[in-house]
Amino acid sequence: MALLQISEPGQSLDPHQRRVAVGIDLGTTHSLVAAVRHGVAECLPSADGRVLLPSVVRYLVSSQGGSGRQIGYEALASQVQDPANTISSVKRLMGRSLAQVVDAGKLSYEVVESQGMAVVKTIAGSKTPMEVSAEILATLRFRAEDSFDDELFGAVITVPAYFDDAQRQSTKDAAQLAGINVLRLINEPTAAAIAYGLDNGSEGIYAIYDLGGGTFDISILRLTKGVFEVMATGGDSALGGDDYDQALAAWVLAQQGLPSEHTASERAALHAEARRCKEALSASDGVVEFVVSLGGQSVRQPINQVDFEACTAALTARTLIAVRKVLRDAGISKTEVQGVVMVGGSTRMPVIRQAVGGYFSQDLLTNLNPDEVVALGAAIQANALAGNSRDGEELLLLDVIPLSLGIETMGGLVERIVPRNSAIPTALAQDFTTYQDGQTALALHVVQGERDLVADCRSLARFELRGIPPMAAGAARIRVTFTVDADGVLSVSAKEQGSGVEARVDVKPAYGLSDEQIAAMLQESFTTAQQDMAARALVESRVDADRMVVATRSALQADGALLAPEELSAIEIQIAQVQLSAQGDSATDIEAATAALGKGTEAFAAMRMNHGIKKALSGKKLEEV
Ligand code: ADP
Ligand code: MG
């Protein structure tokens, strides 16, 4: 039976005037498309009724030599069988060089570097992350067009708050490749706030805790009468549900006394089974059995909540460390947070809800589906931007830039012009002068980052201001203006005030740029990023090493008596090795020593558990570390 839909007079636009505008959550793990229909935002299902599209693309070569691909569930299902050509988590590679990809070795497919960019090697040739993402975006575009039986006018696409310029540009390029007109890129947590803000209409300071498959974002937002202001953003771009899967799989292997090295397809099977068990544990208080076949041998391991909590406590603690930092950045205390919005599939885990609820001492906002909330908010924003809103009600959206922007000055130092966490759109200016008599040109170098040395920041662009009238050194007044538009697109201009000569550069222009220009710009942007990454990797590895030593020491103090003297001294030697390596400059060495200590203490950890002292390893204790 067909039902005719009737809308109230004045409530909806003439269907021919309505523009189909959608919100797309291009996730690491899942992607979704949503639209406002009859005044309500809803996720659009595929023909078989599912709203989630796994962000997975498998490349095939047919026997005739032609090539094809599978996208979404179909591709996901072939991951175990064909890991090398099945591309998942491609979002981790977007706009990155190989050195910048965290945990590239953990991916089941081969990533190589081409022209300074990470690309994926497949049976159908090498594919850029942009191309892989475009396959996912095009699938969602067709889904929307089928569902409205109309062409898509445009889309709002969400990106993690952590995404830098190159990553945002890659996302836009992927959309362009998929034939999608990008109305705006917005941060995922901001989209979630839109979904909740409009539903609740409540004002105040909110924290958005988004733990997805591959990224963790934490944002502090202030909501006042339909205006969303992002006070600060932070998080960890390499922490998500995938890491919980890895931790669980590693724990199972350790329990079974099995080696941690496996073939790509065994790794994929271990990961898939760990994920299944993790998700099953979210819905059950009982025991879940991990079953996998390794080297023809069947492995079975029962897992309960306490085991799961113990082997993932360090990950949960890391999210809370980032929460503390972002509260500091926002200049507020946790008691000022009036509500905590939970976003991302991983926030279904009881361990997360307990830890976050406990930290903020309050109930969490979980009434919208955590998988869908980002896409729903993006759909509301898209609808407003396309001019479909009923009462012309404008949604004013303030966003922030994630990293400071500045210019190189004498001695390779950075003069910060737009500080981190400034609300956008924004325009800020600063005056500079010449340093030589008769100087007629000035070289400008635009950089991004929080460090004081240009070498430690990321190079975004270089340009020159020419035609300055010859003057004595210090007499010229050159005003450099940084403008960041609502998409986060930066343009920098330099103008000599006396003569009016001007030069400008768009660092992240929307369209009209040739692919070569984009590639050249991206190339340029990677020149210093690698050092920065290396320096950061070193610092991070030292922090991890230190944390590991402290944790081991306290475990030894509590339960060292369980160990035989030679076991104890073996661990002491490993601790000494970690400390020695931490004095050196090699992140790889420090990580290796830390990992060795982790392995060396696995048996000890198991012993402690068997002695009924699981409490010592529980979330609370590790958070305090
Ligand atoms: P992303 O934004 O990275 O695409 P999602 O928000 O879709 O990620 O979250 C995907 C992650 O959520 C995966 O790691 C998945 O295992 C996890 N997840 C989904 N449902 C559950 C559940 N019921 N319990 C625990 N984790 C879950
Ligand atoms: Mg997400």
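Preceding block: the structure.
The structure contained in this document is the topic of the report that follows. Bear in mind that the values here come from a model prediction, so they are computed numbers and not experimental data.

## As for the overall build of the chain
Logical step 1: Summing up its helical and strand segments, the chain has 15 helices and 28 strands in all.
Logical step 2: When the 625 residues of the chain are sorted by exposure, 50% land in the buried category.
Logical step 3: Long-range contacts, defined as pairs at least 24 residues apart, comprise 66% of the intrachain contacts of the chain with a sequence gap of at least 6.
Logical step 4: Counting every atom, the chain has about 28,000 Å² of accessible surface; 51% of that belongs to carbon and sulfur.

## Re the site of ligand 1
Logical step 1: Close contacts around ligand 1 come from 18 residues, with His30, Gly213, Lys278, Glu279 and Ser282 the closest.
Logical step 2: Between ligand 1 and Glu279, the relevant distance is 2.6 Å, taken from an oxygen atom to a side-chain nitrogen or oxygen of the residue.
Logical step 3: Relative to its unbound accessible surface of 580 Å², ligand 1 loses 91% to contact with the protein.
Logical step 4: Broken down by secondary-structure element, the contributors of at least two residues to the shell around ligand 1 are α5 (241-255) and α6 (264-282).
Logical step 5: Here the shell around ligand 1 is composed, by residue class, of one nonpolar, twelve polar and five charged.

## Digging into the sheet that holds strand β23 (residues 426-432)
Logical step 1: With antiparallel pairing, the four strands of this open sheet are ordered in space as β23-β26-β27-β28. Each edge of the open sheet carries a strand with a single partner, namely β23 and β28 (502-506). The average undirected angle you get between the axes of adjacent strands in this sheet is 15 degrees.
Logical step 2: Sheet topology places β23 next to strand β26 (residues 478-484); seven bridges connect them, and they run antiparallel. Note on β26: the bridge partner recorded for Ala427 is Thr483.

## Some points on the pairing of strand β27 (residues 490-496)
Logical step 1: Where burial is concerned, most of β27 is hidden: six out of the seven residues are buried.
Logical step 2: Two elements, β26 and β27, share seven bridges in a ladder whose sense is antiparallel. Considered in β27, the bridge of Val480 is made with Ala494.
Logical step 3: Alignment of β27 against β28, held across five bridges, turns out to be antiparallel. Paired with Ser491 across the two strands is Asp506, which belongs to β28.
Logical step 4: A loop of five residues connects β27 with β28, the two strands running antiparallel in sequence, and Gly500 in this loop sits at a positive phi of about 80 degrees.

## Some words on the sheet that holds strand β21 (residues 413-418)
Logical step 1: Taken together, four strands build an open sheet; the order of strands is β21-β20-β24-β25 and the sheet is antiparallel. This sheet does not close on itself; its edge strands, each paired only once, are β21 and β25 (458-465). Strand after strand, the sheet turns through a mean of 30 degrees between neighbouring axes, direction not considered.
Logical step 2: Examined bridge by bridge, strand β20 (residues 405-409) and strand β24 (residues 442-448) share three bridges and lie antiparallel to one another. In the sheet register, Ile407 faces β24, and the bridge partner there is Val446.

## A short note on helix α8 (residues 350-360)
Helical periodicity: at 3.6 residues per turn, an α-helix aligns residues three or four positions apart in one direction.
Logical step 1: Taken as a whole, α8 has its buried residues at Val351, Ile352, Ala355, Val356, Gly357, Tyr359 and Phe360.
Logical step 2: One or two steps after α8, the chain reaches Ser361, where phi turns positive at roughly 50 degrees.

## A word on the packing of aromatic side chains
Logical step 1: If you walk through the whole model with that rule in mind, you get three aromatic pairs.
Logical step 2: Consider the rings of Tyr244 and Phe308, whose centres lie 6.4 Å apart with planes at 35 degrees: the pair is tilted. Taken together, the positions of Tyr244 in helix α5 and Phe308 in helix α7 (residues 305-330) put the pair 64 residues apart, joining distant regions of the chain.
Logical step 3: Judged by relative accessible area, which is 2%, Phe308 ranks as buried.
Logical step 4: Across from the ring centre of Phe148, 4.7 Å away, lies the NZ or CZ of Arg37, which sits over that ring.

## Brief notes about the packing of α5 against α7
Logical step 1: Packing of α5 against α7 brings their axes to within 9 Å, and their N-to-C directions diverge by 135 degrees. In this view, α5 runs oblique relative to α7, as classed from their interaxial angle. Between α5 and α7 lies a crossing of right-handed hand. Across the interface between the two elements, Asp243, Tyr244, Ala247, Leu248 and Trp251 from α5 touch Asp307, Phe308, Cys311, Thr312, Leu315 and Thr316 from α7.
Logical step 2: Residue composition of the contact of α5 with α7, grouped by class: seven nonpolar, two polar and two charged.

## Some words on the environment of Glu131
Logical step 1: Mapped onto the elements, Glu131 comes out in helix α2 (residues 129-148).
Logical step 2: Through-space distance from the C-alpha of Glu131 to that of Ala174 is 6.3 Å; in sequence the pair is 43 residues apart.
Logical step 3: Beyond its immediate chain neighbours, meaning those up to four positions away, Glu131 contacts Tyr59, Ser126 and Leu177.
Logical step 4: Engagement of the side chain of Glu131 in a polar contact is seen with the backbone nitrogen of Thr128, the distance being 2.9 Å.

## Topic: the environment of Val373
Logical step 1: When you line up the elements, Val373 lands in helix α9 (residues 373-385).
Logical step 2: Each C-alpha atom, one on Val373 and one on Cys43, is 9.3 Å from the other, the two residues being 330 residues apart in sequence.
Logical step 3: Non-local contacts of Val373, meaning those with residues more than four positions away in its chain, are made with Ala191, Ala192, Ala195, Tyr196, Val343 and Leu368.

Rules and cut-offs
Residues numbered from 1 in each chain as written. Chains lettered and ligands numbered in written order. Predicted model: local features only at pLDDT ≥ 70, side-chain atom pairs only at ≥ 80, totals over all residues. Heavy atoms only, no water. Helix = DSSP H or I, 4+ residues; strand = E, 2+ residues; numbered from the N terminus. Buried < 20%, exposed > 50% of the residue type's maximum accessible area, 1.4 Å probe, protein only. Contact = heavy atoms within 4.5 Å. Areas by Shrake-Rupley, 256 points an atom, 1.4 Å probe, with all protein chains shown as cover. Near = heavy atom within 4 Å. Polar contact = N/O pair within 3.5 Å; in protein donor to acceptor, adjacent residues only side chain to side chain. Nonpolar A, V, L, I, M, F, W, Y, C, P; charged D, E, K, R; others polar. Pairing = 2+ DSSP bridges. Axes fitted to C-alpha atoms, helices over the stretch in contact; angles between N-to-C directions. Phe/Tyr/Trp six-rings, centres within 6.5 Å; stacked < 30°, edge-to-face > 60°. Lys NZ or Arg CZ within 6 Å of the ring centre and 35° of its normal. Parallel < 35°, antiparallel > 145°, perpendicular 65-115°, else oblique. Left-handed = near helix turned anticlockwise from the far one by under 90°.

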